[in-house]
Amino acid sequence: MIIQLKKGISENDKASLVERINQLKYKTTEVNTQKGDYIIGIGKKEFDIRDIGFMPGIADIHRVSDDYKLVSKKWKVKNTEIDLGDGVVISEGGMSIMAGPCSIEGEDQIKKTIDHLVENNVKIMRGGVFKPRSSPYSFRGMGIDGLKTWYTEARKAGIKIITEVMQVSQIEEMHDYIDIYQVGARNTQNFNLLDELGKIDKPVLIKRGISGTIDELLYSAEYVFSAGNENLMLCERGIRTYEKASRNTMDINAISILKEKTHLPVIADPSHGIGIRDHVEPVALACIMAGADGIIYETHEKPEEAFSDGQQTLNFRESAKLIDKMRKVFELKRSL
Ligand code: PEP
Ligand code: MN
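What counts, and where the lines are drawn
All residue numbers here refer to positions counted from 1 along the written sequence of the relevant chain. Here the convention is simple: chains get letters from A, ligands get numbers from 1, in the order in which they are written. Owing to the predicted nature of the model, reporting of local features is limited to residues with pLDDT of at least 70; listing and counting of side-chain atom pairs is limited to 80 or more, with chain, interface and lining totals taken over all residues. Excluded from the side-chain calculation are hydrogens and water; included are all heavy atoms of the structure. Here, a salt bridge means any Lys or Arg side-chain nitrogen found within 4 Å of an Asp or Glu carboxyl oxygen. Nearness is defined per residue: one heavy atom within 4 Å of the molecule or strand is enough. Pairing of N or O atoms within 3.5 Å defines a polar contact, subject to two protein rules: one partner must be a possible hydrogen donor and the other a possible acceptor, and residues neighboring in sequence count only if both atoms are side-chain atoms. Computed with a 1.4 Å probe, the accessible areas rest on the Shrake-Rupley method; for each residue, only the protein chains presented here act as cover. Residue type decides the class: Asp, Glu, Lys and Arg count as charged, Ala, Val, Leu, Ile, Met, Phe, Trp, Tyr, Cys and Pro as nonpolar, and the leftover types, Gly among them, as polar. Burial classes follow relative accessibility: with a 1.4 Å probe on protein chains only, a residue under 20% of its type's maximum area counts as buried, one over 50% as exposed, and anything between as partly exposed. In this text, helices come from DSSP runs of H or I with a minimum length of four residues, and strands from runs of E with a minimum of two, each type numbered from the N-terminal end. Taken from the helix axis, the directions to the C-beta atoms give the arc we talk about. We call two residues in contact when some of their heavy atoms are within 4.5 Å. Two strands are said to pair when DSSP picks up at least two bridges between them. With axes taken as lines fitted to C-alpha atoms, and helix axes fitted only over the stretch in contact, angles between N-to-C directions fall between 0 and 180 degrees.

**Student:** Quick question: what am I supposed to make of the pattern of salt bridges here?
**Tutor:** Where charged atoms from two side chains of opposite charge come close, those side chains can pair. The tally for this structure, following the rule as stated, stands at 23 salt bridges. Notably, a salt bridge pairs Glu-81 with Lys-78, separated by 3.6 Å at the nearest N-O pair. Salt bridges linked by common partners bring Glu-11, Lys-14 and Glu-30 together as one network.

**Student:** Quick question: what am I supposed to make of the site of ligand 1 here?
**Tutor:** Inspection of the region around ligand 1 gives Arg-126, Lys-131, Pro-132, Glu-164, Gln-182, Gly-184, Ala-185, Arg-186, Lys-207, Arg-237, His-272 and Glu-298 as its neighbouring residues. Contacts to ligand 1 include Arg-126, whose side-chain N or O atom sits 2.7 Å from an oxygen atom. Arg-237 is positioned such that a nitrogen or oxygen atom in its side chain is 2.7 Å from an oxygen atom of ligand 1. Taking 300 Å² as the accessible area of ligand 1 by itself, protein coverage stands at 97%. Of the residues belonging to the shell around ligand 1, the class tally is two nonpolar, three polar and seven charged.

**Student:** Is there a simple way to explain helix α5 (residues 168–175) in this structure?
**Tutor:** Residue pairs three or four apart in sequence face the same way in an α-helix, which turns once every 3.6 residues. Among the residues making up α5, those that are buried are Gln-170, Ile-171, Met-174 and His-175. With its buried residues spanning 130° around the axis, α5 presents them on a single face. Counted as exposed and oriented over 90 degrees from the buried face of α5: Ser-169 and Glu-172. Where α5 is buried, its residues meet α4 (143–157), β9 (160–164), β10 (180–183) and α6 (191–197).

**Student:** What exactly am I supposed to notice about the sheet that holds strand β4 (residues 58–62) here?
**Tutor:** For sheets, the rule is that strands pair by backbone hydrogen bonds, running either parallel or antiparallel. Read from one edge of the open sheet, four strands run β2-β3-β1-β4, paired in antiparallel fashion. The two strands at the open ends of the sheet, each matched to only one other strand, are β2 (27–32) and β4. Taken over all neighbouring pairs, the strand axes of this sheet differ in orientation by 20° on average, direction set aside. Pairing analysis gives three bridges linking strand β1 (residues 2–5) to strand β3 (residues 37–42), with the strands arranged antiparallel. Among the inter-strand pairings, Ile-2 is bridged to a residue of β3, identified as Ile-40. Together, β1, β2, β3 and β4 form the strand contacts of helix α1 (residues 11–23), whose direction differs from that of β2 by roughly 145°.

Shown next as structure tokens:
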């Protein structure tokens, strides 16, 4: 059960409400976010919601049968929109494109990528400065100094930044230089990190765990929301299966299922999803048809020289072609 509280509900009214819900044998958690105040009631007993509906300070009550509550679609009339400012909004109404290298490598690469994005009217740049690498001997990112250089160049060009945060201590140092925190597939169930991201005022994109289920991804999002941050999106990035012909198996099913289960924007990452350059385009287009609200993918001026993930990275010519096709497919989908 989700109880939406009225703005400015008195502490007394809140206490009486909690007491009444507890009498019904429901456990309560109070959630306060940038957008609203809620009480989550967890319990099994059937009761008539009019039993509490009359109490002062309540804006609305919803029964949500899913085990995750706040991220469920069952209570929210409108899907979540993420407003990054300057007219950049991630929502169902538009198809957001986030493109850039796997890793930020230096000023020259940053500038060339930004030029490519500006030429193609892409507003959000991806790139890692803290890189989770399977081997400790691989390039592990330029760190906070790389992020600062990137931020300076991106702001000059009106480009927003999404980058991965790997641990709690990085949240604060990154805060002023980014627009979206990305939680990587290896950190989807780092609950301490999720809790802390619930306390900040910037949007968060959570990737699906490498072997994570759709429900587990939704629970991860529930952590961030219930800790206070409802500026959230989810990202399907492929899962590990027995298939060896591709790096991961892009679970296009998940996109359609997530769109049914949650009001949060659903983003698809075909680069990590299939992991092979030549197949990124068809998979990206399929994800749009399946309902993705945005696509995040890797591009680099010279993929063969990229510090990481070159094998799945598009060059700028391929990237421009993809952008054009994605926009066409999105328009087609809208017209159906
Ligand atoms: C990335 O986007 O650079 C990345 C490391 O992705 P994932 O966490 O999905 O592996
Ligand atoms: Mn990568």
